[in-house]
Amino acid sequence: MKREELYYVLSEQQKDFHKEEKFIERELTNKALSFIRLKLPIIITGLRRAGKSTLLKILKKELKLKEKECIYIDFNDERFVNFEVEDFQKILDFLNEQDYSKKCYFFLDEIQEVEKWEKWINRIKDEYPIFITGSNSKLLSKEISTVLTGRSINLSLYPFSFKEFLKSKRINIDEFKIDLGLQARLRKEFLALLSLGGIPKAIIENDKRILKELYENIIYRDIIKRFTQNLEKPIKEISIYLLSNISKELSIRSLSKTIKIKNLSTLKSILDTFEKAFLFFFINKFDFSIRKQIQNPRKVYCVDNGLVTNSGFKFSQDKGKMLENLVFIELKRQNNEVYYFHEKKECDFVVREGIKIRKAIQVCYELNNENKEREVNGLLEALEKFKLHNGLILTYDQEEEIKIKNKKIGIIPVWKWLLE
């Protein structure tokens, strides 16, 4: 790439990066800032359109960086099409010639577009604070973080949480515990989140078409592009199957028969790619034996409810499954190691910390005469198995506390749990 051409593109990108804008503050911001002191590249991964590029601008704002104290580079810019490995040095030359700070912050977007980028990062990481984001068919989010294993901090950005969703609606939640009117508004907004999901641009612009476009981008650009052309139809069928079976157990062999992919290795590779693209997640049934964990069916969840409801799934069919999916994503956002538990009865989620299970959580839209015994007993079995004293049942809008068999079970609306 010609030096003058590269310098021009870099200068133009800085103008856009430093424009005055209003942002919805993200919960990951403080965590990302806290790792700067470790002097390692910070890699922010996540779903397409989750707000990774915007987060870079938020970080710049929080750090109060002036124009010559940071540089932003979007390697997905079509003007970088002729960028080659030796051009990395020209970026450093640009900083020197333009009198940038010697401790200039690097904000690097879609860096996987350039080959051997990791060698450059490894060369400069001791001199500059570095933030990296990116995800596309060349290198999916989770793969970016593995390239610099042991030499980077890896963080995952998810779609809006309920708190972030409310911030986008300019709702102040500080007084929700004592303001009954605000509580009614929060329940209404929570129902919207439950159905619409939290993709930032779709929420801010109030446009569901963005969800459809995002879903198709992931399927075609992140998944299908990685496999042979004759797998396009099966991959689409798998994605629809998964969207229609959120929170259910998934058997590889039964899915193979349904989709008519005989090669189980190919099918597993497709599912793995879905997970690397942050579209679907698969959790194991908890067992102290790793071998049994692998042998048992896994459960499937989607990164965003909006992608489920806007891709053929009818929200009214099972609000309980959508509620469970939302709880799972929040547990993932909190960086929990999550399993499901099933022996004689079933508990939706158990959370492992270290070598022990520390939490057991049951999710149902409404506790009633038909399901209360099943839900409570499933939770109790998990509490007794892991010697826990307290358990949690998350519902749409019920709240109480019950004591049974020396165990305390809190029943809490999911919307309140998300705000605590």
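Figured I'd write up the structure that's included with this text.

About the thresholds
Residues numbered from 1 in each chain as written. Predicted model: local features only at pLDDT ≥ 70, side-chain atom pairs only at ≥ 80, totals over all residues. Heavy atoms only, no water. Helix = DSSP H or I, 4+ residues; strand = E, 2+ residues; numbered from the N terminus. Rg over C-alpha atoms; globule rule 2.2 N^0.38 Å. Buried < 20%, exposed > 50% of the residue type's maximum accessible area, 1.4 Å probe, protein only. Salt bridge = Lys/Arg side-chain N within 4 Å of Asp/Glu carboxyl O. Axes fitted to C-alpha atoms, helices over the stretch in contact; angles between N-to-C directions. Left-handed = near helix turned anticlockwise from the far one by under 90°. Contact = heavy atoms within 4.5 Å. Nonpolar A, V, L, I, M, F, W, Y, C, P; charged D, E, K, R; others polar. Pairing = 2+ DSSP bridges. Right-handed = clockwise from strand over helix to strand, strands pointing away. Parallel < 35°, antiparallel > 145°, perpendicular 65-115°, else oblique.

## Regarding the overall build of the protein
Item 1. Per the secondary structure count, the protein includes 18 helices and 14 strands.
Item 2. For the protein, the C-alpha radius of gyration of 23 Å lies close to 22 Å, the compact-globule estimate for 420 residues.
Item 3. With respect to the principal axes defined by its C-alpha atoms, the protein has extents near 75 × 55 × 40 Å.
Item 4. Out of the 420 residues in the protein, the part that is buried amounts to 54%.

## Describing the pattern of salt bridges
Should the charged atoms of two oppositely charged side chains come close, the side chains can pair.
Item 1. Taken as a whole and judged by the stated rule, the model has 23 salt bridges.
Item 2. E21 is the salt-bridge partner of K57, the closest N and O atoms lying 2.9 Å from each other. Within this pair, whereas K57 is found in helix α3 (residues 52–62), its partner E21 is found in the loop between α1 (3–17) and α2 (28–34), the two being separated by 36 residues in sequence.
Item 3. In this structure K57 comes out as buried when scored by relative accessible area, which is 15%.
Item 4. For the salt bridge of R26 with E164, the shortest nitrogen-to-oxygen distance reads 3.1 Å. Taken together, the residues R26 in the loop between α1 and α2 and E164 in helix α7 (residues 162–168) connect sequence positions 138 residues apart. Pair check on accessibility: R26 and E164 agree, each one buried.

## A word on the packing of helix α4 (residues 87–97) against helix α5 (residues 117–124)
Item 1. Look at α4 against α5: their axes get within 10 Å of each other, and the N-to-C directions meet at 35 degrees. Pair α4 / α5 crosses with right-handed handedness. Between α4 and α5, the contacting residues are F88, Q89, I91 and L92 on the first element and W117, W120, R123 and I124 on the second.
Item 2. Its residues assigned to classes, the contact of α4 with α5 comprises 6 nonpolar, 1 polar and 1 charged.

## A few points about the pairing of strand β4 (residues 130–133)
Item 1. Of the two faces of β4, the one holding I130 and I132 and the one holding F131 and T133 are both buried throughout.
Item 2. Here strand β1 (residues 42–46) pairs with β4 via 3 bridges, running parallel. Across the sheet, residue I44 finds its bridge partner in β4, namely T133.
Item 3. Two strands pair when backbone bridges link them, and strand β3 (residues 105–109) and β4 are joined in this way by 4 bridges, in the parallel orientation. By the bridge assignment for β4, F106 is matched with I130.
Item 4. With α5 bridging β3 and the parallel β4, this β-α-β connection has right-handed handedness.

## Examining α4
Item 1. By the criterion of burial, α4 is predominantly enclosed, with 8 of the 11 residues buried.
Item 2. At its buried positions, α4 is contacted by α1, β2 (70–74), β3 and α5.
Item 3. Looking one or two residues past α4, D99 carries a phi angle of roughly 60 degrees, positive in sign.

## A closer look at the sheet that holds strand β13 (residues 400–404)
Item 1. Within the open sheet, the 6 strands sit side by side as β9-β10-β11-β12-β14-β13. Their pairing is mixed. At either margin of the open sheet sits one strand with a lone partner, and together these are β9 (337–342) and β13. Looking at each pair of strands side by side, their axes are set apart by 30 degrees on average, direction ignored.
Item 2. Sheet topology places strand β11 (residues 356–363) next to strand β12 (residues 390–395); 3 bridges connect them, and they run parallel. Among the inter-strand pairings, I361 is bridged to a residue of β12, identified as L392.
Item 3. Sheet strands touched by helix α16 (residues 319–333): β9, β10 (346–353), β11 and β12. Its angle to β10, the strand with the most contacts, is close to 5 degrees.
Item 4. Across the sheet, helix α17 (residues 372–385) is in contact with β9, β10, β11, β12, β13 and β14 (407–413); its angle to β11 comes to roughly 180 degrees.

## Here's the deal with the packing of helix α12 (residues 252–259) against helix α13 (residues 264–276)
Item 1. Here α12 crosses α13 at 100 degrees, and the two axes come no closer than 10 Å. Judged by the inter-axis angle, α12 sits roughly perpendicular to α13. Between α12, through I252, R253, L255 and S256, and α13, the contact on the second element is made entirely by L264, L267, K268 and L271.
Item 2. Residue classes in the contact of α12 with α13 are distributed as 5 nonpolar, 1 polar and 2 charged.

## Looking at the sheet that holds strand β8 (residues 298–302)
Backbone-to-backbone hydrogen bonds join strands into a sheet, with any given pair of strands oriented parallel or antiparallel.
Item 1. Taken in spatial order, the 3 strands of this open sheet run β6-β8-β7, and their pairing is antiparallel. Edge positions in the open sheet fall to β6 (249–250) and β7 (280–283), since each of these has one partner strand only.
Item 2. Sheet analysis places β7 next to β8, joined by 4 bridges and oriented antiparallel. The residue of β8 that forms the bridge with F280 is C302.
Item 3. Running over the sheet, helix α11 (residues 232–244) touches β6, β7 and β8 and is turned about 60 degrees from β7.
Item 4. In the packing of α13 onto the sheet, the strands contacted are β6, β7 and β8, and the crossing angle to β7 comes to about 115 degrees.

Honestly, that's just the spatial picture; any functional story needs more than this.
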